[in-house]
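Inside the fold
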Amino acid sequence: MNHQISRTLQETRTTLAPDAVLAAAGEFFSRRPGIYAAFVEQVGPNHVTLRGQGGEEIVIAARADGDATAVTGSTYLFDQQVLRFFATLPPAPPGSPLSDGEDAAQAAEPGAEVAPA
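Notes on the structure in this doc start here. All values derive from a computational prediction rather than experimental measurement. (Residues numbered from 1 in each chain as written. Predicted model: local features only at pLDDT ≥ 70, side-chain atom pairs only at ≥ 80, totals over all residues. Heavy atoms only, no water.)

**Remarks on the overall build of the protein**
Helix and strand content of the protein: 4 helices and 5 strands. Starting at the N terminus, the α and β elements of the protein follow one another as α-β-α-β-β-β-β-α-α. Split into buried and exposed, the 117 residues of the protein put 36% on the buried side. Long-range pairs, those at least 24 residues apart, make up 57% of the contacts in the protein with a sequence separation of at least 6. Approximately 6700 Å² of the protein is accessible, and the part contributed by carbon and sulfur atoms is 54%. (Helix = DSSP H or I, 4+ residues; strand = E, 2+ residues; numbered from the N terminus. Buried < 20%, exposed > 50% of the residue type's maximum accessible area, 1.4 Å probe, protein only. Contact = heavy atoms within 4.5 Å. Areas by Shrake-Rupley, 256 points an atom, 1.4 Å probe, with all protein chains shown as cover.)

Here it is, written out as structure tokens:
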């Protein structure tokens, strides 16, 4: 089983509006120390692409999903920084469809298993 896929594509839900999530991503990653900093390269209506040291790319996407915002983060090397960014977002109410009540950071951990409903 390929555990890398759970590290390169991570998801969470938040109470922030999609545009606020994208603005927060640009702010968060530009303030990271040294090799973990990344800067906005492209902005679209539902995503922001950031570029870090060595050309590493981070893509954060956000879309309205009912009474919450679904947020997706994709990267190859900055997986821990994406999780840290997700931890700064106010969480959507428990029992959201994405995480089925699980914490977003736990659900994104390699090898994390969710008990069947």
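**Overview of the packing of helix 2 (residues 18-30) against helix 3 (residues 79-88)**
At a closest axis distance of 11 Å, the pairing of helix 2 and helix 3 adopts a crossing angle of 125°. Taken together, the axis directions place helix 2 and helix 3 in an arrangement best described as oblique. As helix 2 packs across helix 3, the resulting crossing turns out to be right-handed. Residue-level inspection shows Val-21, Ala-24, Ala-25, Phe-28 and Phe-29 of helix 2 in contact with helix 3, the latter providing Gln-81, Val-82, Arg-84, Phe-85 and Thr-88. (Axes fitted to C-alpha atoms, helices over the stretch in contact; angles between N-to-C directions. Parallel < 35°, antiparallel > 145°, perpendicular 65-115°, else oblique. Left-handed = near helix turned anticlockwise from the far one by under 90°.)

**Observations regarding the pattern of salt bridges**
Counted by the stated rule, this structure contains 5 salt bridges. Linking Arg-51 and Glu-41 is a salt bridge whose minimum nitrogen-to-oxygen distance equals 2.9 Å. With Arg-51 in strand 3 (residues 47-52) and Glu-41 in strand 2 (residues 38-43), this residue pair connects regions lying 10 residues apart in the sequence. You can call Arg-51 partly exposed: its relative accessible area is 30%. As a salt-bridge pair, Asp-65 and Arg-63 come within 3.9 Å of each other at their nearest N and O atoms. Residue Arg-63 is classed as partly exposed on the basis of its relative accessible area, which comes to 47%. One salt-bridge network, in which partners are shared between bridges, spans Arg-13, Arg-63 and Asp-65. (Salt bridge = Lys/Arg side-chain N within 4 Å of Asp/Glu carboxyl O.)

**With respect to the pairing of strand 4 (residues 57-65)**
Summarising the sheet, strand 3 and strand 4 pair through 5 bridges and their orientation is antiparallel. If you follow Val-48 over to strand 4, its bridge partner there is Ile-60. If you look at the hairpin formed by strand 3 and strand 4, you'll find 4 residues sitting between the two strands, and Gly-54 has a positive phi there, around 75°. Strand direction decides the pairing type here: strand 4 and strand 5 (residues 68-75), joined by 8 bridges, are antiparallel. Paired with Ala-62 across the bridge in strand 5 is Val-71. A loop of 2 residues connects strand 4 with strand 5, the two strands running antiparallel in sequence, and Gly-66 in this loop sits at a positive phi of about 70°. (Pairing = 2+ DSSP bridges.)

**Brief notes about the sheet that holds strand 2**
Reading across the sheet, the 5 strands line up as 1-5-4-3-2 and stay open at both edges, with antiparallel pairing between neighbours. Strands at the two margins of the open sheet, each flanked by one partner only, are strand 1 (9-14) and strand 2. For this sheet, the mean inter-axis angle between neighbouring strands, taken without regard to orientation, is 25°. Sheet topology note: the strand 2/strand 3 ladder contains 5 bridges and is antiparallel.

Interpretation note: all reported values are geometric properties and have no functional meaning in isolation.
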